[in-house]
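Examination of the molecular architecture
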Amino acid sequence: KNEVEQSPQNLTAQEGEFITINCSYSVGISALHWLQQHPGGGIVSLFMLSSGKKKHGRLIATINIQEKHSSLHITASHPRDSAVYICAVPTGNQFYFGTGTSLTVIP
Amino acid sequence: EPEVTQTPSHQVTQMGQEVILRCVPISNHLYFYWYRQILGQKVEFLVSFYNNEISEKSEIFDDQFSVERPDGSNFTLKIRSTKLEDSAMYFCASSRTSGRVSDTQYFGPGTRLTVL
């Protein structure tokens, strides 16, 4: 049983395209994290959100707590956005991570 | 900009040996975490640590694992008797407040542990 599901697993886009990555979760949460894992393995926290929408540069994250769903959008995608994007939810005594969405942006 | 550091970047050890992975969290952070990622798999939570004690741990974090903050700056993960399946990338992270509430976690670059 996966507490966190992400889709798609893999995504290839042309530079400039608008990208959406989805995350659904089955556990009750107070907040959700979006992380970026670079090809070298390093992890960067992009957003932590508990309601509504957050925007940082070309990245937008939304969450619907009632529907247990979050989306990460990338506008005007660029090859440097190529990475694995991971959704993670802390709940109870656990942090549950999605399997990640591997994004490749082609010039 | 302050960052979380981890040493070593790569550790190779024989099965059954003890290893200590070291992390220096960001200096004004209060919560510390260890995660692992087996090659090709998702990140898994191991443990969180606050006020010199474990605040949460996963079922992975069994008796062979321990954490401590020996000197107020370092945060260590010890694996007492390594097994082949402990081979993974281990990430340390820190945050000012609990990740369950309202704060961002800052991740270190990871230590790749290889158990032979």
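Presented here is an overview of the structure given in this document. Note that the structure is a prediction, hence the values are computed from the model and not measured. (Residues numbered from 1 in each chain as written. Chains lettered and ligands numbered in written order. Predicted model: local features only at pLDDT ≥ 70, side-chain atom pairs only at ≥ 80, totals over all residues. Heavy atoms only, no water.)

1. Some points on the overall build of chain B
When its secondary structure is counted, chain B shows 0 helices and 11 strands. The C-alpha radius of gyration of chain B comes to 13 Å, within 12% of the 13 Å expected for a compact globule of 116 residues. With the C-alpha coordinates of chain B rotated into their principal frame, the extents come out at 40 × 30 × 30 Å. Looking at chain B as a whole, 48% of its 116 residues qualify as buried. If you take every contact in chain B between residues at least 6 apart in sequence, the share linking residues at least 24 apart comes to 55%. (Helix = DSSP H or I, 4+ residues; strand = E, 2+ residues; numbered from the N terminus. Rg over C-alpha atoms; globule rule 2.2 N^0.38 Å. Buried < 20%, exposed > 50% of the residue type's maximum accessible area, 1.4 Å probe, protein only. Contact = heavy atoms within 4.5 Å.)

2. Focus on the nonpolar core
Grouped together as the largest cluster of nonpolar side chains are 24 residues, with contacts concentrated most on Leu32, Trp34, Phe47, Leu72 and Tyr85 of chain A. For this core, the elements supplying multiple residues, two or more each, are strand S3 (19–25), strand S4 (32–37), strand S5 (43–49), strand S7 (59–64), strand S8 (69–74), strand S9 (83–91) and strand S11 (101–106) of chain A. When neighbours within four sequence positions are excluded, Leu72 of chain A is seen to be in contact with Ile19, Thr20, Ile21, Trp34, Leu46, Phe47, Ile60, Ala61 and Tyr85 of chain A. One finds Cys23, Leu46, Phe49 and Phe65 of chain B within the second-largest nonpolar core, a separate group that totals 23 residues. (Core = buried A, V, L, I, M, F, W, Y, C linked by side-chain atoms within 4.5 Å.)

3. So, the sheet that holds strand S1 (residues 4–7) of chain A
Within a sheet, each strand pairs with its neighbour through backbone hydrogen bonds, oriented either parallel or antiparallel. All names here are of chain A. Across the sheet, which stays open at both edges, the 5 strands sit in the order S1-S3-S8-S7-S6 with antiparallel pairing between neighbours. Each having just a single partner strand, S1 and strand S6 (52–56) make up the two edges of the open sheet. Taking the axes of each pair of neighbouring strands and ignoring which way they run, one obtains an average angle of 15 degrees across the sheet. (Pairing = 2+ DSSP bridges. Axes fitted to C-alpha atoms, helices over the stretch in contact; angles between N-to-C directions.)

4. A closer look at the packing of aromatic side chains
All names here are of chain B. Across all of its chains, the model carries 12 aromatic pairs over all chains by this definition. Between Phe32 and Phe75, the aromatic rings sit 5.5 Å apart at their centres with planes inclined by 40 degrees, giving tilted as the arrangement. Of this pair, Phe32 sits in strand S4 (residues 31–37) while Phe75 sits in strand S8 (residues 75–79), and the two are 43 residues apart along the sequence. Summarising the burial analysis for this pair, Phe32 and Phe75 share the class buried. (Phe/Tyr/Trp six-rings, centres within 6.5 Å; stacked < 30°, edge-to-face > 60°.)

5. Structural notes on the interface of chain A and chain B
Size of an interface: often given as the accessible area lost when the parts come together. Each partner contributes residues to the interface: chain A has 19 residues there, and chain B has 20 residues. Together, Ile43, Phe95 and Phe97 of chain A form the three largest contributors to the area buried by chain A at its contact with chain B, with a combined 36%. Between the two partners, chain A and chain B, sit 0 salt bridges. The tally of links between chain A and chain B comes to 1 residue pair in polar contact (both at pLDDT 80 or more). Counting only elements with at least two residues in the side of chain A that touches chain B, the list comes to S4, S5, S9 and strand S10 (94–97) of chain A. Among the residues making up the side of chain A that touches chain B, the classes are represented as 8 nonpolar, 11 polar and no charged. (Buried area = accessible area lost by both parts, 1.4 Å probe. Salt bridge = Lys/Arg side-chain N within 4 Å of Asp/Glu carboxyl O. Polar contact = N/O pair within 3.5 Å; in protein donor to acceptor, adjacent residues only side chain to side chain. Nonpolar A, V, L, I, M, F, W, Y, C, P; charged D, E, K, R; others polar.)

6. Regarding the side chain of Arg36 of chain B
All names here are of chain B. As for its placement among the helices and strands, Arg36 is situated in strand S4. We classify Arg36 as buried; its relative accessible area is 11%. When neighbours within four sequence positions are excluded, Arg36 is seen to be in contact with Lys42, Val43, Glu44, Leu46, Ile60, Glu85, Asp86, Ala88, Met89 and Tyr90.

7. So, the pairing of strand S5 (residues 43–50) of chain B
Residue and element names in this part refer to chain B. Most of S5 is tucked away: 6 of the 8 residues are buried. Two elements, S4 and S5, share 7 bridges in a ladder whose sense is antiparallel. The residue of S5 that forms the bridge with Arg36 is Glu44. Adjacent in sequence and paired antiparallel, S4 and S5 are bridged by 5 residues, among which Gly40 carries a positive phi angle near 85 degrees. For S5 and strand S6 (residues 53–57), the ladder comprises 4 bridges, and the chain directions are antiparallel.

8. Remarks on the environment of Gly52 of chain A
Residue and element names in this part refer to chain A. With respect to the helices, strands and loops of the structure, Gly52 is situated in strand S6. Looking at Gly52, the relative accessible area reads 41%, which means it is partly exposed. Sequence separation between Gly52 and Ile63 is 11 residues; the distance between their C-alpha atoms is 5.6 Å. Ignoring anything within four residues of it in the chain, the contact list for Gly52 reads Ala61, Thr62 and Ile63.

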